[in-house]
Amino acid sequence: MIKLIARVSRYKSANRYPAHSTLPKTLLPIAACTPPPTSIFLSYQAGGSMDPLNLTPEALEKKKKKDEKAREKELKKQKAAQKAEAAKLQAQKVSNAPESGKKKNTKREAEVENPEDYNDPETPLGDKKRLSRQMAKTYKPSAVENSWYEWWEKSNFFVADPDSSKPPFVIVLPPPNVTGALHIGHALTAAIQDTIIRWRRMSGYNTLWVPGMDHAGIATQVVVEKKLMREMKLTRHDVGRENFVAEVWKWKNEYGGTILRQLRRLGASLDWSRECFTMDEKRSLAVTEAFVRLHKDGVIYRDLRLVNWDCVLRTAISDIEVDYIDIKERTPLRVPGYEKLVEFGVLTSFAYPLEEGLGEIIVATTRVETMLGDTAIAVHPDDARYSHLHGKFAIHPFNGRKFPIVCDAVLVDMNFGTGAVKITPAHDPNDFEVGKRHNLEFINIFTDDGKINSNGGAEFAGMPRFEARVALTEALKKKGLYKGDKNNEMRLGICSRSNDVVEPLIKPQWYVNCKNMAREALDAVIDSTNPKMEIIPKQYVAEWKRWLENIRDWCISRQLWWGHRVPAWYAVLKDDELKELGVYNDHWVVARNEEEAKEKASRIFAGKTFDLYQDPDVLDTWFSSGLFPLSVLGWPDDTKDLRAFYSTSVLETGHDILFFWVARMVMLGMKLGGDVPFGKVYLHPMIRDAHGRKMSKSLGNVIDPLEVINGIELKGLHKRLEEGNLDQKELETAKEGQTKDFPDGIPECGSDALRFALVSYTAQSDKINLDIQRVVGYRQWCNKLWNAIRFAMTKLGEDYIPPEEIIPATLPFSCKWILSALNKAISKTVVSLDSYEFSDAATAVYSWWQFQLCDVFIEVIKPYFAGNDPAYASERKHAQDTLWLCLDNGLRLLHPFMPFVTEELWQRLPSKKDSVRKESIVISEYPSAVESWNNDVVELEMDMIESVVKSLRSLRSQLAPNERYERRAAFVVCRTDDACHIIKKHELEVSTLATLSSLDVLSEKDDAPVGCILDVVNESLSTFLKLKGIVNVEAELEKLNKKMEELQKQCDGLKKKRSAPSYQEKVPVHIREVDEAKLASLLQELLSFKEAREHLERENRET
């Protein structure tokens, strides 16, 4: 006989608890959420009198299939009958009820069924959202996220106070381009920064998050130039500078700033009262002041140097605006302004005649056209082949110019090619340095629009550079100097704005001397004794060091019309021999305005007659954005904001602009502001598509955040592509990509789900492979939150009032456990946010809500609310109070990640009696750990309960699909007194979570249950689940043997580790103790499996 140690007497009926007391839907099929009809439990006995032991295997299998079909058929009948019976009973209740009660029930039914009760009333713009009488049955992002933001903004929840006594926490939003629309990178930035700022705001900080836009010099000018050409067939030169700039301002006011409006849709809690623009009056004054001060200190100067030149835009461009394509061999490419394709990846060899009849010298180049500007040929000083040519001259075949053969060991590799290198100092960075070393002539052969100028000779003057390449090759052939060509691997620089091939060009420009500022910026990070700034993740400190140790002076002038005009005037003196602008470098006057320039020029050129002309160039966009942390707070004026909020707290941006923007802000901030502009720099990963590819319009994998938030059909995605500027082949490729990745379009996910997904992805180092299905998963999770609150509201009731205080010691076990688990989640979340481990923070919040509150606590308290049993009155009240406390804390814990849904749900929670709750969750207090909630003993007991439940669920999953939702008897065999005591004490929790009809807790001395499938939980516990039919012993033994093999491998590995000769000497004592305990546990567990196997074998023999 089996000795009965404990049994759940109150938990016998399959219909004892409502449908939601079954296993979480993530673990069982949907059908498992409804208890099966009683007759199904008896279907085996009703199946006939045949003894299954007397059947052949074939007949048994046939009978099994037949029984399954019969059970399925019977189930359908029973469901239909139950439904009809329920309707009949309801009708009888209504007809038999007293008149008053009848009216009351009818009214309640009408209320439940009235669709208007589930719809939010219309809310006037800016008012607090008016919520529906009843919570909608399902979560709908567009409905939930409606109206809240306008109320938050109107209520000034996001506005910082410079006079506040609270500690400041400041973030400056990296200013998006005025031309931009919201893209997924912006969404990532907004999600991370808003998470930080909302958390700090709720944690008692005087938070300031400053919004702004960048004028985006080149990008904006290109947009407006295209608009002029499209609408009026005019260039900017046709309309003139003043009219063109006016047209840009007109465009900016009409279309610019779209992205800032879109950021509101993401819930970004920016202080809109401080919104700024890099070219507004205050920021323009700051830019001028910075230029003047830096010039006065000798940091800004003017010089003639090589720049990246765009012949289409006719301006110098920064390194970040140059994209490189790798060319492996001869490749024809389309270049703006050329009808025919231009060949790249070709190395052409030709000869230069030498003076004095010395013959010729062969050189090679990928840019034949630049030979018109050659001013030397370099050879290695140790190359014996050319020792007789040292100091000699070559003769240019097209203009007769003589130029020297120079020796240069730095540039020339004598073992590469012919060992002779043509030198064009005005059109190649390496040649530029050779030209300076050997004092060579610098001859520019290109006009600003990329044509050959007069220095190239009359034969080629006026030719576009790549047409000149072809013409020069033919001319060399005619002169017998052409020596052939071959494929050549190379990198080609392309302007990201115009797609033009970048041309190195020598131009007079304004430069910033970065050497001393870079040293200070480097020390601010790597100074081990007094670091002023921290870069997160730390892996980017090496890149910071590499950039700043090898920094070059920064070219800050651009030949554009849209931007901050360089505050420098050129004085043309009456007695100057040359009158061109900029000919004499000492004629420049830097000033804040023209009046000041005249005053300075009068002192510098005293007694002389002069005219002043302002430099037509504008400043690099990065110069004004480099001043942003200062200028947004009012610098150079001594403003309240500047005193209260500088330095800012953290800069959050992409790692791709660590040097181009971050380093320049630090250099300028320390130089002009006296301190680093921010104490921390957090660099987020770059977003790729789900396949790891860079997002590209031509691939069709660009993800628009608003399309994820609102949802879009596949044809809508295709339409967006068709409205772009892809050619037909690219369009077809892009559509194929979209059809493959989004065959059904993108479902509506909402801002909250998108934000949570993006923040969760930040653990992926330097790249995020964004899978939209993950966003969809979090949208479904929002529905889980929604349903958790709906369940809570039904259990709390309309009259529920939260208690002023909860005393953990008086609570039931499950309530103690969830509060202790909540405490852990709060601590983990706060620590992770503080260390910028956003993914860990999101995981901590998600795990508590999903796996502890929803999957366990809400399930385990359902018996307290079943049937209003007076035996559970105390537990029911404690469960209500704990549930309210969990939801209140849990929503506030989640709010920084998911602002909309948490506000809506929090507003529905009842408030404490006579307490004034904060008007919004936005300004409520962020949860903090409560010492009295910690209960490690309870958590350990729940761990044991969950391990048993997990084991029983695993056994249930092995059943036939149509049997998995049946409540079954189960047994737990305990091998220690402690385990036996704990499981016995928590029979109700185990039975509820594992959906059991009964639970017997057995000791090791008891006879093992028969007719069960079994599992070994650990060395102390085994579980048994009762079957309706025959146990397939062979299958069960096979499972046990596999598990035993795995355990044996672990044991053998640990034994081998401990038997190593150096183990005792080299392995610390605490690790040896852990290994010893682990081995003992594994051996005990192995023994448990052996006992289970013996039990099965014995049962098999007995049957």
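For the structure itself, consult the block above.
Residues numbered from 1 in each chain as written. Predicted model: local features only at pLDDT ≥ 70, side-chain atom pairs only at ≥ 80, totals over all residues. Heavy atoms only, no water.

Asker: Looking at this structure, how should I read the nonpolar core?
Answerer: One broad trend across soluble globular proteins is that nonpolar side chains are buried collectively. Membership of the largest hydrophobic core comes to 159 residues, with the highest contact counts inside it found for Leu770, Trp849 and Phe897. Per element, the largest residue contribution to this core is 13 residues, and it comes from helix H25 (residues 772-796). Beyond its immediate chain neighbours, meaning those up to four positions away, Phe897 contacts Thr195, Asp752, Arg755, Phe756, Val759, Thr829, Leu833, Phe838, Ala841, Ala842, Val845 and Tyr926. Among the nonpolar cores identified, the runner-up in size contains 67 residues, and Cys276, Leu658, Phe659 and Val676 belong to it. (Core = buried A, V, L, I, M, F, W, Y, C linked by side-chain atoms within 4.5 Å. Buried < 20%, exposed > 50% of the residue type's maximum accessible area, 1.4 Å probe, protein only. Helix = DSSP H or I, 4+ residues; strand = E, 2+ residues; numbered from the N terminus. Contact = heavy atoms within 4.5 Å.)

Asker: Could you clarify how one ought to interpret unusual backbone geometry in this entry?
Answerer: Comment: phi is negative for the bulk of residues other than glycine, and the bulk of peptide bonds are trans. Cis peptide bonds are those with omega within 30 degrees of zero, and the linkage from Trp635 to Pro636 qualifies with 15°. By the element assignment, Pro636 lies in the loop between helix H18 (628-631) and helix H19 (640-645). A positive phi is found at Ser147, a non-glycine position, where the angle reads about 80°. Position of Ser147 among the secondary structure elements: in the loop between helix H4 (141-144) and helix H5 (148-154). Even without a glycine there, the phi angle at Asn499 is positive, about 70°. Along the chain, Asn499 turns up in the loop between strand E17 (490-495) and strand E18 (503-512).

Asker: Explain the packing of helix H24 (residues 750-760) against helix H30 (residues 899-908) to me, please; I cannot follow it from the model alone.
Answerer: Helix-helix packing: each pair is described by the crossing angle between the helix axes and the interaxial distance. The contact between H24 and H30 brings their axes to 7 Å, and the two run at 125°. It follows that H24 is oblique to H30 by the angle criterion. Facing H24, whose interface residues are Ser751, Asp752 and Arg755, H30 presents Pro899, Phe900 and Val901. (Axes fitted to C-alpha atoms, helices over the stretch in contact; angles between N-to-C directions. Parallel < 35°, antiparallel > 145°, perpendicular 65-115°, else oblique.)

Asker: What's the story with the packing of helix H31 (residues 936-957) against helix H32 (residues 977-985) in this structure? I'm lost.
Answerer: Close contact between H31 and H32 brings their axes to 10 Å; oriented N to C, the two are set at 80°. As judged from the angle between their axes, H31 and H32 are roughly perpendicular. Contact residues: H31 offers Glu941, Met944 and Val948, while H32 offers Ala979, Ile982, Ile983 and Lys985. In the contact of H31 with H32, the residues fall into five nonpolar, no polar and two charged. (Nonpolar A, V, L, I, M, F, W, Y, C, P; charged D, E, K, R; others polar.)

Asker: Just to check I follow, could you spell out the pattern of salt bridges for this structure?
Answerer: Opposite charge on two side chains makes pairing possible when the charged atoms of those side chains draw close. For the structure on display, the rule yields 67 salt bridges. With a closest N to O distance of 3.8 Å, Glu433 and Lys436 form a salt bridge. Note that Glu433 and Lys436 are positioned in helix H12 (residues 429-437) at a spacing of three residues, about one turn of the helix. The network of salt bridges with shared partners includes Glu289, Arg293, Arg592, Glu596 and Lys600. (Salt bridge = Lys/Arg side-chain N within 4 Å of Asp/Glu carboxyl O.)

Asker: I keep staring at the pairing of strand E2 (residues 206-210) and nothing clicks. Help me out?
Answerer: Along any regular strand the residues' side chains alternate between the sheet's two faces. Of all five residues that make up E2, five are buried, and the element is covered over most of its length. Residues Asn206, Leu208 and Val210 line one face of E2 and the alternating positions Thr207 and Trp209 line the opposite face, and both faces are buried. Two strands pair when backbone bridges link them, and strand E1 (residues 168-172) and E2 are joined in this way by five bridges, in the parallel orientation. The residue of E2 that forms the bridge with Pro168 is Asn206. As for the winding sense of the linkage, the β-α-β connection from E1 through helix H6 (residues 184-202) to E2 is right-handed. (Pairing = 2+ DSSP bridges. Right-handed = clockwise from strand over helix to strand, strands pointing away.)

Asker: Quick question: what am I supposed to make of the packing of aromatic side chains here?
Answerer: Both the distance between ring centres and the angle between the ring planes are used here to describe each pair of aromatic rings. Counted by the stated rule, this structure contains 39 aromatic pairs. Here Trp554 and Phe623 contribute two aromatic rings whose centre-to-centre distance is 6.0 Å and whose plane-to-plane angle is 50°, an arrangement assigned as tilted. Of the two residues, Trp554 sits in strand E20 (residues 554-555) while Phe623 sits in helix H17 (residues 621-626), which places them 69 residues apart along the sequence. Measuring from ring centre to ring centre gives 5.0 Å for Tyr682 and Phe838, while their planes differ by 90°; the resulting arrangement is edge-to-face. Highlighted residues: Tyr682 in strand E27 (residues 678-684) and Phe838 in helix H27 (residues 838-860), separated in sequence by 156 residues. On the basis of relative accessibility, which here comes to 1%, the residue Phe838 falls in the buried class. Three or more aromatic residues joined by ring pairs form one cluster here, namely Phe756, Tyr778, Trp781, Tyr846, Phe851 and Phe897. Across from the ring centre of Tyr205, 4.9 Å away, lies the NZ or CZ of Arg200, which sits over that ring. The positively charged end of Arg664 is found above the aromatic ring belonging to Trp554, 4.2 Å away from the centroid. (Phe/Tyr/Trp six-rings, centres within 6.5 Å; stacked < 30°, edge-to-face > 60°. Lys NZ or Arg CZ within 6 Å of the ring centre and 35° of its normal.)

Asker: Help me understand helix H33 (residues 987-994) in this model?
Answerer: In an α-helix there are 3.6 residues to a turn, and that puts residues three or four apart on one side. Burial analysis of H33 places eight of its eight residues in the buried class, the great majority of the element. Along H33, the positions that sit buried rather than exposed are Glu987, Leu988, Glu989, Val990, Ser991, Thr992, Leu993 and Ala994. In this structure, the buried residues of H33 make contact with helix H26 (813-834), H27, helix H28 (862-865), H31, H32 and strand E31 (996-1003). After H33 finishes, the residue Thr995 shows a positive phi value of roughly 55°.

Asker: What is the right way to read the sheet that holds strand E5 (residues 300-310) from this model?
Answerer: Two modes of strand pairing occur in sheets, parallel and antiparallel, and in both the strands are linked by backbone hydrogen bonds. Strand order in the open sheet formed by four strands is E6-E5-E18-E20, with antiparallel pairing between adjacent strands. The open sheet has two free edges, formed respectively by strand E6 (315-317) and E20, since each of these has just one partner strand. The pairing of E5 with E6 spans three bridges and is classified as antiparallel. Along E6, the bridge assignment pairs Trp309 with Ala316. Running at roughly 140° to E5, H12 makes contact with E5 and E18 of the sheet.

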